[in-house]
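Listed below are the residues making up each chain.
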Amino acid sequence: MSQAVSAKICGVKAPADIAAAAEAGARYVGFVFFPKSPRCLTVEQAATLAAEVPLGVAKVALTVNATDAELDEITRAVPLDMLQLHGTESPERVAEVKARYGLPVMKAIGIADAEDLPQIELYSDVADQLLIDAKPPKNADLPGGNGLAFDWRLLAGRKYWQKPWMLAGGLTPDNVAEAIRMTGARQVDVSSGVESAPGVKDPERIAAFVKSTTA
Ligand SMILES: O=C(O)c1ccccc1N[C@@H]1O[C@H](COP(=O)(O)O)[C@@H](O)[C@H]1O
């Protein structure tokens, strides 16, 4: 029997978002710490929200090229299960962050075409998990959370990376089942695809998204 696909709802901002994610059966929620994002939280807001997350749902902090001082502040205040590095952090920086905080690290890798695929191997040596996302457009404000998908055929037949991985980028309740079928992903991550407006999560879309991962 094949195992269920795990879903991560990224960019939660309110207790209702967490309740919707947990009720739908999501395995992870993500707190965004990137000032340009409409989903950005302060450390205090994230600490308060973290207290709402039920057991069994992992709390992930998403940062972009964060300094040690920034990560120190986040990890001291917010009880976390994982760090998601969504910038241009090098493999050496990933190893440093893992060692410094003792938390599993998920490294995001942007994919636009086949030339980007070797990055996955490069980071799979050091990261605990990989997040395979669409590469952001040039000059985009956000390195992720743009609702942009990449060509999933690039991953077809390549599902056995060395480390667990999540598929991300432009996923929605309407396309996630097809994305899973084409890539063999066992974990999926979504941000803008379950929103009614930038930074505003929609509980119905969250429920529909998680349901579609089992379709
Ligand atoms: O969600 C954000 O605001 C964000 C900001 C900065 C970096 C990454 C961000 N989100 C991550 O990007 C992927 C894809 O987002 P989307 O579903 O295409 O909107 C998402 O899974 C988040 O992990």
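As a reminder, the structure under discussion sits directly above these lines.
Values in this document were obtained by computation on a predicted structure and should not be read as measured data. Residue positions within a chain follow its written sequence, with the count starting from 1. The predicted nature of this model means local features are confined to residues of pLDDT at least 70 and side-chain atom pairs, given and counted, to a pLDDT of 80 or more, with totals for whole chains, interfaces and linings taken over all residues.

Caption draft 1: Broad picture of the environment of K201. Among the secondary structure elements, K201 is positioned in strand β10 (residues 200–201). Overall, the presence of 24 C-beta atoms within 10 Å leaves K201 in the buried class. Spatially, the C-alpha atom of K201 lies 9.5 Å from that of R39, the residues being 162 residues apart in sequence. The helix count covers DSSP runs of H or I at least four residues long, the strand count covers runs of E at least two residues long, and both are numbered beginning at the N terminus. Neighbour density around each residue's C-beta defines its exposure: 20 or more other C-beta atoms within 10 Å make it buried, 12 or fewer make it exposed, and counts between make it partly exposed, where C-beta atoms are placed from the backbone.

Caption draft 2: The arrangement of the site of the ligand in detail. Residues in contact with the ligand amount to 27 residues; listed here are only the nearest, S37, G144, G145, S191 and S192. At the level of elements, β2 (28–33) and β8 (187–190) are the ones that each hand at least two residues to the shell around the ligand. All residues other than Ala, Val, Leu, Ile, Met, Phe, Trp, Tyr, Cys, Pro, Asp, Glu, Lys and Arg, Gly among them, are scored as polar; the first ten of these are nonpolar and the last four charged. Residue composition of the shell around the ligand, by class: 11 nonpolar, 13 polar and three charged. Placing the C-beta atom from the backbone, one calls a residue near a molecule or strand if that atom lies within 6 Å of it.

Caption draft 3: Structural detail: unusual backbone geometry. Despite not being glycine, N65 shows a phi value in the positive range, around 50 degrees. Structurally, the position occupied by N65 is in the loop between β3 (58–63) and α3 (68–77). For N139, which is not a glycine, the phi torsion comes out positive at approximately 65 degrees. Note on placement: N139 falls in the loop between β6 (129–134) and β7 (165–167). Note on N139: 5 C-beta atoms within 10 Å, which makes it exposed.

Caption draft 4: Here's a closer look at the packing of helix α1 (residues 15–24) against helix α7 (residues 203–212). Interaxial distance between α1 and α7 falls to 9 Å at its minimum, and their mutual angle equals 25 degrees. The angle between the axes of α1 and α7 places the two elements in the roughly parallel class. As for how α1 packs across α7, the hand of that crossing is right-handed. Touching A16, A20, A21 and A24 of α1 are P203, I206, A207 and V210, all from α7. Partitioning the contact of α1 with α7 into residue classes produces eight nonpolar, no polar and no charged. Interaxial angles span 0 to 180 degrees and are taken between N-to-C directions of axes, which are lines fitted to C-alpha atoms, for helices over the stretch in contact. Each angle gets one of four labels, with under 35 degrees taken as roughly parallel, over 145 as roughly antiparallel, 65 to 115 as roughly perpendicular, and the rest as oblique. Less than a right angle of anticlockwise turn of the near helix away from the far helix marks a crossing as left-handed, whereas a clockwise turn marks it as right-handed. The contact criterion used here is simple: two residues whose C-beta atoms, placed from the backbone, lie within 7 Å are in contact.

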